[in-house]
Amino acid sequence: MFKNTTKYIALATIGLGAVLPLTQVHAADNQRQNIVFWHSMTGQNAQAIDRVVNDYNASQTKYKVIPEFQGQYVEALPKFLSVGGTSKAPDLFQSNEISTKQLSTSGMIQPMQTLIKKYKFNTKNLRKNILNYYTINGKLYSMPFNSSAPVLYYNKDAFKDAGIDDLPTSPTYEQVTAAAKKLKEKSGRAKLSILPYGWTFEELLANQNQTLVNHGNGRKKTATKATFDNKAGKNILNWLKTNADAGTLVDYGTGANAGDTELSAFTSSQIDMFMNSSASLGNIKKNAKFNVGVTYLPRPQDVKANGVVIGGASIWLSKGKSTKAQKGSFDFLKFATSAKEQAQWSIDTGYFAINNKSYDTKILKDAFKNTPILAAPVEQLKATTINAASAGALITSMPKERVNTQNAMENVINGKNVDSELSKAVKQTTADIKDANEQSGE
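Residues numbered from 1 in each chain as written. Predicted model: local features only at pLDDT ≥ 70, side-chain atom pairs only at ≥ 80, totals over all residues. Heavy atoms only, no water.

- Looking at an unreviewed UniProt entry, the protein chain carries the name ABC transporter substrate-binding protein, with the source organism given as Leuconostoc gelidum subsp. gelidum.
- In the Sequence similarities (unreviewed entry) part of its UniProt record, the protein chain is described as follows: "Belongs to the bacterial solute-binding protein 1 family." (UniProt positions renumbered as here; feature names shortened; annotations may be inferred.)

1. Quick word on the pattern of salt bridges
Close approach of charged atoms allows side chains with opposite charge to pair.
(1) Moving on: For the structure shown, the criterion picks out 13 salt bridges.
(2) Moving on: In this structure, the salt-bridge partner of Asp348 is Arg51, at a minimum N-O distance of 3.0 Å. With a gap of 297 residues between them, Asp348 in helix H15 (residues 339–349) and Arg51 in helix H2 (residues 43–59) connect regions that are remote in the sequence.
(3) Moving on: Note that Lys382 is salt-bridged to Glu379, the shortest N-O span being 3.6 Å. Placement of the pair is Lys382 and Glu379 together in helix H17 (residues 375–383), with a separation of 3 residues, close to one helical turn.
(4) Moving on: Using a relative accessible area of 35% as the deciding quantity, one classes Glu379 as partly exposed.
(5) Moving on: One network of salt bridges, in which partners are shared, links Arg51, Asp55, Glu341 and Asp348. (Salt bridge = Lys/Arg side-chain N within 4 Å of Asp/Glu carboxyl O. Helix = DSSP H or I, 4+ residues; strand = E, 2+ residues; numbered from the N terminus. Buried < 20%, exposed > 50% of the residue type's maximum accessible area, 1.4 Å probe, protein only.)

2. A short note on the layout of surface pockets
(1) Moving on: A volume near 1800 Å³ is recorded for the largest pocket.
(2) Moving on: Lining the largest pocket are 50 residues; nearest its centre among them are Gln72, Tyr73, Tyr197, Ala256 and Asp260.
(3) Moving on: Looking at the lining of the largest pocket residue by residue, the class counts come to 19 nonpolar, 27 polar and 4 charged.
(4) Moving on: As for the second largest pocket, its lining consists of 22 residues, of which Leu281, Ser346, Ile347, Gly350 and Leu374 are closest to the centre.
(5) Moving on: For the lining of the second largest pocket, the elements supplying multiple residues, two or more each, are helix H13 (281–287), H15, helix H16 (362–370) and H17.
(6) Moving on: Counted by class, the lining of the second largest pocket contains 12 nonpolar, 7 polar and 3 charged residues. (1 Å grid on protein atoms, 1.4 Å probe; cavity = no way out; pocket = protein on both sides within 12 Å on 5 of 7 lines; lining within 4 Å. Points joined across faces, edges and corners; volume = space filled by probe spheres on them. Nonpolar A, V, L, I, M, F, W, Y, C, P; charged D, E, K, R; others polar.)

3. Topic: the packing of aromatic side chains
(1) Moving on: Tallying each qualifying case throughout the model produces 19 aromatic pairs.
(2) Moving on: With 4.5 Å between their ring centres and 5° between their planes, Phe80 and Phe93 make a pair best called stacked. In this pair, Phe80 is assigned in helix H3 (residues 73–83) and Phe93 in strand E5 (residues 92–96), connecting sequence segments 13 residues apart. Of the two residues, Phe80 and Phe93, neither departs from the other in class, the shared state being buried.
(3) Moving on: Measuring from centroid to centroid gives 5.3 Å for Phe201 and Phe228, while their planes differ by 70°, and the two rings are edge-to-face. In this pair, Phe201 sits in helix H9 (residues 198–206) while Phe228 sits in the loop between helix H10 (214–218) and helix H11 (231–246), placing the two residues 27 residues apart along the sequence. Like Phe228, Phe201 is buried.
(4) Moving on: Members of the aromatic cluster, connected to one another through ring pairs, are Phe37, Tyr56, Phe332 and Phe335. (Phe/Tyr/Trp six-rings, centres within 6.5 Å; stacked < 30°, edge-to-face > 60°.)

4. Regarding the sheet that holds strand E11 (residues 192–193)
(1) Moving on: The strand order E12-E11-E13-E10-E14 describes an open sheet built from 5 strands, whose pairing is mixed. Of all strands in the sheet, those with a lone pairing partner are strand E12 (249–250) and strand E14 (292–295), marking the two edges.
(2) Moving on: Packed on one face of the sheet, helix H8 (residues 173–187) meets strand E10 (150–155), E11 and strand E13 (273–277) and runs near 130° to E13. (Pairing = 2+ DSSP bridges. Contact = heavy atoms within 4.5 Å. Axes fitted to C-alpha atoms, helices over the stretch in contact; angles between N-to-C directions.)

5. Overview of H15
Three or four residues apart is the spacing at which side chains of an α-helix point the same way, because the helix has 3.6 residues per turn.
(1) Moving on: Residues of H15 that are buried: Ala339, Glu341, Gln342, Ala343, Trp345, Ser346 and Thr349.
(2) Moving on: Buried positions along H15 lie against H2, strand E9 (143–148), helix H14 (323–336) and H16.
(3) Moving on: Remark: Gly350 follows H15 within two positions and exhibits a positive phi of approximately 95°.

6. Looking at the side chain of Ser278
(1) Moving on: Tracing the backbone shows Ser278 in the loop between E13 and H13.
(2) Moving on: Exposure remark for Ser278: the relative accessible area of 1% places this residue in the buried category.
(3) Moving on: Once residues within four sequence positions are removed from consideration, Ser278 is found in contact with Ser148, Ala149, Val151, Tyr153, Gly350, Phe352 and Pro377.

7. Here's the deal with empty space enclosed by the protein
(1) Moving on: Throughout the structure, instances matching the rule amount to 2 cavities of 30 Å³ or more.
(2) Moving on: Counted as a void, the largest cavity has a volume near 120 Å³.
(3) Moving on: Taken together, 17 residues line the largest cavity, and the ones lying closest to its centre are Glu202, Val309, Gly392, Ala393 and Met398.
(4) Moving on: Those elements that place two or more of their residues in the lining of the largest cavity are H9 and helix H19 (398–413).
(5) Moving on: Looking at the lining of the largest cavity element by element, the count peaks at 5 residues for H9.
(6) Moving on: The class makeup of the residues in the lining of the largest cavity is 10 nonpolar, 3 polar and 4 charged.

The structure is reproduced here in structure tokens:
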């Protein structure tokens, strides 16, 4: 008796109580403009990406965002560069912060500023110091999305057992070292890790209001040389040497899995202090069986904290796409950076909510109330001075710089001379900058 009955399906996006025949639903879906979105998120972050995309797709009927995982950032960038400017390029592409210079000069992307102007989008609610990283000569090139910054984590229970007061909000190198010595006295072994990692070096340098390269960190004009062969650079390596010589430092090396090993060592109480991304908070909160303390990035005692450079990634718009595709891509980005979506994104992933109004939402207020340590990374970001140092360096050869500074850190930990290692890293970074500039014709 139901042989000739038309199948119907209710669609919430059409309106309460409205229904469409199933055939019409498929037709409507086929009429949507597809927006291909390449990303590099894995695990719970990939699930969070899918949630944002699904929320958006359910919120309207004009566009359909299709997320496609392309491997880690280092794998995804070459893929994009191989198809950029062609019909095979995705509409949207997520890439990490150190690719900003390369992508902005590639000729393969449409600066975000052009769409902001075209569609009269007001960015006043987006955090200025996050926008600052992706802004070149007053023009926003990509949309910030998953943003983070380094903080110092410590085991408050271990501190209490060793008779050590909690660290202050903005600790000094000297205070961290003093605590590390007491932890060693109590436990009989090293309990501090300062991972030899180029990003860590850059952040510790910026926190002393020192640029990595010349010409305003490459933001006034193309950088031509490294600028960290100075007191600030020596402060970092001397701090490493002090702790290495005192036997308070655990060295996890420079291998690909060093960061994961360090993180696991902290949550399992093998070490009691380390520096890592604010985006690790979720993992730490979940796996640590002790009270966790979070502070701003350390600084020398005679230096005022300047703040941090934003890390993470942003989303780029491919050049040469149709007007409809561009409009749909930008519509999705407006949705993804809205107060509500960013609040949930922050809770799901541990990344900053880049929309200021997200912090007024109930879900984020409740999260901060229930987990007070979430506040430290956000307060550090608010306290960061906006200047050339905290804007971050713009150089195509950033991956090579990170290897150079990483090697200097590791060599000093293993007993090499501070001055010679710093000089070597500066000279090699300058040579890499010059090579990159010659190859790009700058």
